[in-house]
Amino acid sequence: MSKAREAKAAKIRQLMETEGDAVNTSTSGFNEGRYQAVQTLDDYEGLKAEARAIKEDAIERLPDLLDQLRETIEENGGTMYIADDAADANRYIREVCEDKDAERVVKSKSMTSEEIEVNDELEAADVDVVETDLGEWVLQVADEAPSHIVAPAIHKSREAIADLFNETFEPDEPLQTAEELTMFARQQLGELIEGADVGMTGANFITADTGTMALVTSEGNARKTAVVPDTHVAVAGVEKVVPAVEDLQPFIELIGKSGTGQNITSYISLLTPPVESPTVDFDDPDTPITENETDRDFHLVLIDNGRLDMRDDEQLRETLYCIRCSACSNVCANFQHVGGHAFGGETYSGGIGTGWEAGVEGLDSAAEFNDLCTGCSRCTTACPVNIDIPWINTVVRDRVNRGEVSEVDWLVDGLTPDEEPGGVSLQKRFFGNFETAAKVGSTFAPVSNWVTQTSVSRNLMERFLGIDARRELPSFQRETLKDWFDARDSHVQNPTRTAVLYPDVYTNHVQVERGKAAVRTLEALGVDVVVPDVRSSGRAPLSQGMIATAEDHAHDVYAGLAEYIDEGRDIVVIEPSDLAMFDNEYEKFLSEKSFQRLSDSSFEVMEYVFGLLENGAPTDALESTDSEEVAYHSHCQQRTLGLEGYTEAVLADLGYDVATSDVECCGMAGSFGYKSEYYELSMDVGSELQGQFQTDETRNRTVVASGTSCLEQLDSLLRRPSRHPVELIAPRR
Amino acid sequence: MSTGTVATFEDSLERLEVGWTHTSSGELSTVLREVCDDPAVGVELPYDGVELPPWVNTDPTPADLRAANVGITAAGIAIADYGSVVVQGTPDGVEPVSLFGDLHVAVLRKSDIVSGMPEAFEWLGEEFRTGHDSAIIATGPSATADMGALVKGAHGPKDVHVVILDE
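The structure displayed is predicted, hence computed values, not measured ones.

### A word on the overall build of chain A
When helices and strands are tallied, chain A shows 37 helices and 18 strands. In terms of overall dimensions, chain A is globule-like: its C-alpha atoms have a radius of gyration of 28 Å, near the 27 Å expected for 733 residues. For the C-alpha atoms alone, the extent of chain A along its principal axes is close to 95 × 60 × 50 Å. A burial count over chain A gives 63% of its 733 residues as buried. Partitioning the intrachain contacts of chain A with sequence separation of at least 6 by distance along the chain shows that 76% fall at a separation of at least 24. Roughly 27300 Å² of accessible area belongs to chain A as shown, and the carbon and sulfur atoms make up 45% of that amount. A gap of 8 Å separates the mean positions of the 62 positive and 136 negative side-chain charges of chain A.

Here's what the structure looks like:
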């Protein structure tokens, strides 16, 4: 393994060992909470659409809204400052503190202030800065960076926090329980807030009409920070502005549910500073608060720091819709296992972190962890503003690829059949051009399989391509699905429907049996099937960030299928990740009409079978059972598309007893699990699925899975073999 | 506001483990005495003919806030679906009084319970544009899970009690 890959693998291994368990417990809990909390909404999808529309409109009109907000804030008696970058913001905030002769600033949690690292600036100016959010305070005491945007210290267990506090503060009685630790922090921080000169908060949203800022919190520290001292500095990105107070409603309903799975956080502070509440001057403890000076000072510091350029960037713009809820981190199987310290750049971590880092820090920072997004798409439906996060990650990967300079460019350029510039790494090129490898593999099978299995080959593959030697390689079939299909008589009398079975790379070259089973199943149900010679969907290059190549595939696939669609044929797809391309990514590549036609005509194979059975096709044409017990793992992209239920329904209809896994992802996600730097993480993520299929209830069940990579991962996790569900129901002949 | 809205509000409070009492203006003092431990601080209620009892300190100093067991304030509205009370920031100190004690008692007219967040934001928008410039949507007590388990009363009140005035 190369040194860089080895170092990356070692870092991931170390984080899995030290922080993995604590991160997993919290993020999985938040994620589970989200599923339950959003069920309480009458119209979850409607609310998300509304939230997105508000953000789209606000970012579109941002310059005007900023002008309006400035007028409003000034009318209210506050000051608004737009800082170009971190240094500008820090200088302004330091000067405010110096004007007040501030000795201590108390701060409530704010990712934007983490982004500019304002604490360092203030501390250098001899201002004491105290984080009052309990999680942030733990990190301040431990001198560590946040590992999650909402719950910054989730990587630390209660025991670790107790040890930290006991060592640092040496309390009379050692602190132990969560209650004791919390009350200790409350006491310490309460005193520090009482003597503070300036309170600093972030802002989740700011309304242009009234200058009202919304702070989403649960502890009450933001309230104390804003109300106790007479000076309030709020720090936020320019993208936080929304037009009117009423626009806050969908966000307030979505943010807690999406993030920590709370129905709503304890406090939604809607402050229009300078606020009317009297200051609480603990230096003068005996004067009634109503007699205090009410002359409060308020500064809203809005930070550009790359955001206005992001607004002009067609691809990164969506990142500005992000409301920092953390749903994309919590739902992410990889994040659940390594947390933000592996999944983070300078400031932001998790799914949307790549977009933020690319926008505010630059590609170098984004590149560090961009690979950890496998494109599984589970975050797209978790996101309350419907941001296509995997697409942003793919775009950034593409830009990183293009920025890379490799010394072997001259060797590779021109030899690989892709549309990419020279910079793309050999590893990415190999996986991105898997279609070519598969064709060669099948042509020379079984010799190709035998050659690739030798230890010499495996060593070379690991060294030059970063393919982990511990991962079993796919076994190419000499007779492809297409060969088999062409050599047989497939005439169906009086067909009820006509269809194309899309021969994806794996079905055509490796998992040929599931393709045959699909053909037999469709024909048994009265469908006239053709298997044409169509190029691969482009999923493989897309996963490597090779967007130009993926787009090239998209045009070829559409050209190859359009005539069949014109004939009235349905497109039946076995591989869910390819169907997801047709239904999502192709929107970026094809004309709107072409995209719509292909998407509307395409069905997942079990979805299609479900439809045929619903429309009167005979169930007894398929293999039924008395009560065979099946353990079923759907596929991440298939679940995102809402299709797993069709497989369950068909199997149940045919008499199977189905137990379905509920892990977000198997950990394989295409090429990810083959890469030597990620192999162990992939297996760690997979261990959850393994656990679900090895309980007393499931360990003897027949294993079926929808996706290629899920099947490969299950085969490496379990002692018993796994198959595609269509192989279970296909008539045996 | 229908009976259904009140029942929904009560269900939400139940879920949040927040206590509530229905009472009349005349019986308010008795109810408060049962719910509150001394020392209590408060802000006079903006309802006609309703006053806080004399044992509630309605002109607290910072030292009183620090020592208070209970803070008693009015709530502008309550939101049935969420069990939230909306505490407005006023010059007489509703915000700090509701924040420093271990228990926050929110007094509310039954007619001020709205069903959901859309209704609440209609009200809030109007309030903000006509001068009442700050409000907290408070749902249950202060809480944190940052120390490894859910603990109530991280910085703010550990408990909340809602007193509903049935006019």
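After that view of the structure, there is still more to cover.
### Description of the domain arrangement of chain A
Partitioning chain A into domains gives domain 1 (54-308) and domain 2 (481-729). Of note, the centres of domain 1 of chain A and domain 2 of chain A, computed from C-alpha atoms alone, are 48 Å apart.

### A short note on the packing of aromatic side chains
All names here are of chain A. The final tally for this structure, using the stated rule, is 22 aromatic pairs over all chains. Relative to Tyr 678, the ring of Phe 672 lies with its centre 4.7 Å away and its plane at 10°, an arrangement referred to as stacked. We note that Phe 672, like Tyr 678, is buried. Aromatic ring contacts, followed pair by pair, group Trp 391, Tyr 502, Phe 582, Tyr 586 and Phe 589 into a single cluster. Seen from the ring of Tyr 267, Arg 223 lies directly overhead, with NZ or CZ sitting 4.5 Å from the centre.

### Points about the interface of chain B and chain A
With 55 residues of chain B at the contact, the number on the chain A side is 63 residues. Regarding the contact of chain B and chain A, the summed buried area is about 4900 Å², with carbon and sulfur atoms giving 59% of it. Among the residues chain B hides against chain A, the three largest losses belong to B:Phe121, B:Met147 and B:His155. Together they make up 18% of the total. Applying the counting rule to chain B against chain A returns five salt bridges. A:Glu194 is the salt-bridge partner of B:Arg66, the closest N and O atoms lying 2.7 Å from each other. Where the side of chain B that touches chain A is concerned, the elements lending two or more residues are α3 (62-67), α4 (94-100), α5 (117-129), β9 (135-138), β10 (143-144) and β11 (151-152) of chain B. The element contributing the most residues to the side of chain B that touches chain A is α5(B), with eight residues. Each residue belonging to the side of chain B that touches chain A can be placed in one class, and the counts come to 25 nonpolar, 17 polar and 13 charged. Relative to β9(B), strand β9 (residues 267-271) of chain A runs antiparallel, the two being bridged by four bridges.

### A few points about a negative patch on the surface
All names here are of chain A. Together, Glu 117, Asp 120, Glu 123, Glu 346, Glu 361, Asp 364 and Glu 368 make up a region of like negative charge exposed at the surface. Where the negative patch is concerned, the elements lending two or more residues are α7 (118-124) and α17 (363-370). By relative accessible area, Glu 117 is classed as partly exposed at 45%.

### What about the side chain of B:Thr139?
Tracing the sequence through the fold places B:Thr139 in the loop between β9 and β10. Looking at B:Thr139, its side chain comes within polar contact range of the side chain of B:Ser84, at 2.8 Å. Those residues in contact with B:Thr139 that sit more than four places away from it in its chain are A:Ile264, A:Thr265, A:Ser266, B:Leu16, B:Tyr82, B:Gly83 and B:Ser84.

### Looking at the sheet that holds strand β12 (residues 159-165) of chain B
Residue and element names in this part refer to chain B. The strand order across the open sheet built from six strands is β1-β12-β7-β4-β2-β3, with neighbouring strands paired in parallel fashion. Here the strands that pair on one side only, and so sit at the sheet edges, are β1 (19-23) and β3 (56-57). Inspection of the sheet shows strand β7 (residues 103-109) paired to β12 by seven bridges, in the parallel sense. Residue pairing in the sheet places Val 107 in a bridge with Val 163 of β12.

### Description of the nonpolar core
Within the largest apolar cluster, 77 residues are counted, with the highest numbers of intra-cluster contacts made by A:Phe165, A:Leu302 and B:Phe9. Top element by residues in this core is helix α10 (residues 178-194) of chain A. It accounts for seven residues. Core analysis: the next-biggest nonpolar cluster, separate from the first, contains 59 residues, A:Ile54, A:Phe205, A:Val360 and A:Ile392 among them.

### As for the pattern of salt bridges
Residues and elements named next belong to chain A. Taken as a whole, this structure holds 54 salt bridges over all chains when the rule is applied. Notably, a salt bridge pairs Arg 52 with Glu 318, separated by 3.4 Å at the nearest N-O pair. Of this pair, Arg 52 sits in helix α3 (residues 44-60) while Glu 318 sits in the loop between α13 (307-312) and α14 (327-331); the two residues are 266 residues apart in sequence, bridging distant segments of the chain. Each member of the pair, Arg 52 together with Glu 318, is buried. The partner of Glu 629 in a salt bridge is Arg 701, and the shortest N-O contact between them spans 3.7 Å. Taken together, the residues Glu 629 in strand β15 (residues 629-633) and Arg 701 in the loop between α35 (679-692) and β17 (702-705) connect sequence positions 72 residues apart. Relative accessible area serves as the criterion here: at 39%, Glu 629 is assigned to the partly exposed category. Note on Arg 701: relative accessible area 3%, which makes it buried. One salt-bridge network, in which partners are shared between bridges, spans Glu 6, Arg 13, Asp 468, Arg 470 and Glu 680.

### Focus: the packing of helix α1 (residues 3-18) of chain A against α35(A)
Residue and element names in this part refer to chain A. Relative to each other, α1 and α35 sit at 30°, their axes nearing to 9 Å. Classified by the angle their axes make, α1 and α35 are roughly parallel. On α35, the residues touching Ile 12, Arg 13 and Met 16 of α1 are Glu 680, Leu 681 and Asp 684.

### Topic: the UniProt feature "domain: LUD" (unreviewed entry) in chain B
Per the UniProt record, "domain: LUD" (unreviewed entry) is annotated on residues 66-165 of chain B. This span, residues 66-165 of chain B, is 22% helix and 37% strand, and a straight line between its end C-alpha atoms measures 28 Å.

### With respect to the sheet that holds strand β11 (residues 497-502) of chain A
Residues and elements named next belong to chain A. Here four strands make up an open sheet; going across it, the order is β12-β11-β13-β14 and the pairing parallel. Each edge of the open sheet is held by one strand with a lone partner, namely β12 (527-530) and β14 (602-604). When strand polarity is set aside, the average angle formed by the axes of neighbouring strands in this sheet is 35°. Sheet topology places β11 next to β12; four bridges connect them, and they run parallel. Across the sheet, the residue bridging to Ala 499 is Val 529, located in β12. Against the sheet, helix α31 (residues 592-601) touches β13 (570-573) and β14, its axis set at about 35° to β14.

### Section: a nonpolar patch on the surface
Together, A:Val447, A:Trp450 and A:Val451 make up an exposed nonpolar region whose accessible area comes to about 330 Å². By the element assignment, A:Trp450 lies in helix α23 (residues 447-453).

### Some thoughts on the confidence of the model for chain A
With 98% of its residues at a pLDDT of at least 70, chain A reaches an overall mean of 94. The low-confidence segment residues 405-414 of chain A (pLDDT under 50) makes ten contacts with residues lying over four places distant or belonging to another chain.

About the cut-offs
Residues numbered from 1 in each chain as written. Chains lettered and ligands numbered in written order. Predicted model: local features only at pLDDT ≥ 70, side-chain atom pairs only at ≥ 80, totals over all residues. Heavy atoms only, no water. Helix = DSSP H or I, 4+ residues; strand = E, 2+ residues; numbered from the N terminus. Rg over C-alpha atoms; globule rule 2.2 N^0.38 Å. Buried < 20%, exposed > 50% of the residue type's maximum accessible area, 1.4 Å probe, protein only. Contact = heavy atoms within 4.5 Å. Areas by Shrake-Rupley, 256 points an atom, 1.4 Å probe, with all protein chains shown as cover. Lys, Arg positive; Asp, Glu negative; His and termini not counted. Charge placed at Lys NZ, Arg CZ, Asp CG, Glu CD. Domains from an automatic or database assignment. Phe/Tyr/Trp six-rings, centres within 6.5 Å; stacked < 30°, edge-to-face > 60°. Lys NZ or Arg CZ within 6 Å of the ring centre and 35° of its normal. Buried area = accessible area lost by both parts, 1.4 Å probe. Salt bridge = Lys/Arg side-chain N within 4 Å of Asp/Glu carboxyl O. Nonpolar A, V, L, I, M, F, W, Y, C, P; charged D, E, K, R; others polar. Pairing = 2+ DSSP bridges. Patch = residues over 30% accessible without salt bridge, like charges linked within 9 Å, V, L, I, M, F, W, Y side chains within 5 Å. Polar contact = N/O pair within 3.5 Å; in protein donor to acceptor, adjacent residues only side chain to side chain. Core = buried A, V, L, I, M, F, W, Y, C linked by side-chain atoms within 4.5 Å. Axes fitted to C-alpha atoms, helices over the stretch in contact; angles between N-to-C directions. Parallel < 35°, antiparallel > 145°, perpendicular 65-115°, else oblique. UniProt positions renumbered as here; feature names shortened; annotations may be inferred. pLDDT = per-residue confidence, 0-100.

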